[in-house]
Amino acid sequence: MNWNDVLGLFNYWMVIILMMMGLYIVVSRGNLVKKIVGLNIFQTSVFLLYISMGKVSGGTAPILTGKPEVFSNPLPHVLILTAIVVGIATTALGLALVVRIKQSYDTIEEDEIQKADEEMEFGKPSGDSKP
Amino acid sequence: MLFLGLTAFAILRLRALFAVVMLSSVYSLVSAALLVHLDAVDVAFTEAAVGAGISTVLMLATLALTTRHEKEPTHTSLLPLVVVFLTGIALVYGTLDMPRFGDPSAPIHHHVAPKYINDTGSEIGMPNIVTAILASYRGFDTLGEVTVIFTAGIGVLLLIGAFIREPDGNTIQTMEHHLVLRLVTKLLIGPILLFALYVQFHGDYGPGGGFQAGVIFAAAFIIYALVFGLETARRVVPGRVIRIMLAAGVLLYGGVGVISLFFGQNYLNYSVLGSTAVAGQHLGILLVEFGVGMTVAAVMVSTYYVFSGQIPPISDEEW
């Protein structure tokens, strides 16, 4: 593996680091808003992966100008362009769920929601079981 | 790229959610700059408008409705760390076989992309290849995406739309008494709306199109609602009109497809709409993009209405 390979793959590696950070936030943090931010980071890293693959060295933005030119691949651009807007729409849906959870449980921490669920199903933990 | 990594790390460590949201806005802006560098001008445009604009506003509205601080995690985070680390190693191993960055002989550049680049000029007749693929070659995909956005908008309305406090006239809460904010907003809204229209109808020639225009249009509206109060904004465009626009956009997109069916062509083949194939493509793409813009703007504005309609009045002193 030489220096050229390292430079050529650097973008992909950064994408992976970002992706893993996003995944880590989603898995390890209990706060639901933080989880959604983590999901957004993950999502952006995927966008960057696609766009990085579409880049052609010496290419330019895919808008015809009449001169023969080298263009970067426009197909990933289309896919990601729509994905971003779909992403914000789904994020809004996620945030709406968070707001509803807050209204019902009065908390947005995962642990406390789980505890409230268990109490609802099995009654209060033993110790004060006498009604 | 390194800067992006740093920002993401800061988001990971910080516990104050307000700062996290602000940082994620910075993150989006930086990644937009990076996208321009990677020749994806249309995408960068969208990312800047969506990530740094609308999503920040929505996140902040959620914070106002929930809480601004994250609690200490109760369980150990060692296991997730190990899992994430192993996944990362596996993915890096996978990249070793990837074509190098910017390599023109990579497989991705030899499938359908050359056809799009070579034929857009003669078949569609518009300079922006991204718009041509988006609305014409891959019109089905885009119709699907618009439907997803529409569904998400409906979902938000169903989930929390029923809880909007009825406007009661005497609790109008505005920032109108801030002279600077009011003047700057008044100066800005006109140009922003004009710019949105330019982006909408000039998307065939330069970077832009329905998705970006819809978001920018919604941004102008949200600024207006932020400064002059939600009730005032509702008086300008009532929620009912927004909900009709929401459906009308998708309907317009689907309708254009049905019209081309009537002319004996495939669904969403615009060539028959005009006197020549190229003119037909132009008309079709214009209509379709308009439908996209309408739906996107309506989803964003109605989401904002619903979110901010729930926030109890906050006085200036509390901030």
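Computed from a prediction, not measured in an experiment: that's the story for all the values here.

**A word on the overall build of chain B**
Looking only at helices and strands, chain B features twelve helices and zero strands. Mapped from its N terminus to its C terminus, chain B presents α and β elements in the order α-α-α-α-α-α-α-α-α-α-α-α. Sequence separation of at least 24 residues holds for 71% of the intrachain contacts in chain B that already meet a minimum separation of 6.

**Examining the domain arrangement of chain B**
Residue and element names in this part refer to chain B. For chain B, the assigned domains read domain 1 (1–71) and domain 2 (123–319). Listed by partner, the interface residues are 14 residues for domain 1 and 19 residues for domain 2. Tallied by class, residues from the side of domain 1 that touches domain 2 come to ten nonpolar, three polar and one charged.

**What about the interface of chain B and chain A?**
Listed as interface residues are 81 residues of chain B and, on the opposing side, 70 residues of chain A. Element by element, the count of residues in the side of chain B that touches chain A is highest for helix 3 (residues 41–65) of chain B, at 13 residues. Class assignment for the residues of the side of chain B that touches chain A results in 49 nonpolar, 24 polar and eight charged.

**Remarks on the packing of helix 7 (residues 139–160) of chain B against helix 11 (residues 239–262) of chain B**
All names here are of chain B. Close contact between helix 7 and helix 11 brings their axes to 10 Å; oriented N to C, the two are set at 165 degrees. The pairing of helix 7 with helix 11 is recorded here as roughly antiparallel in orientation. As helix 7 runs across helix 11, the sense of the crossing is left-handed. Seen from helix 7, the contacting residues are L143, V146, T147, F150 and G153; seen from helix 11, they are L246, V250, Y253 and G254. The residue makeup of the contact of helix 7 with helix 11, split by class, is six nonpolar, three polar and no charged.

What counts and what doesn't
Residues numbered from 1 in each chain as written. Chains lettered and ligands numbered in written order. Predicted model: local features only at pLDDT ≥ 70, side-chain atom pairs only at ≥ 80, totals over all residues. Helix = DSSP H or I, 4+ residues; strand = E, 2+ residues; numbered from the N terminus. Contact = placed C-beta atoms within 7 Å. Domains from an automatic or database assignment. Nonpolar A, V, L, I, M, F, W, Y, C, P; charged D, E, K, R; others polar. Axes fitted to C-alpha atoms, helices over the stretch in contact; angles between N-to-C directions. Parallel < 35°, antiparallel > 145°, perpendicular 65-115°, else oblique. Left-handed = near helix turned anticlockwise from the far one by under 90°.

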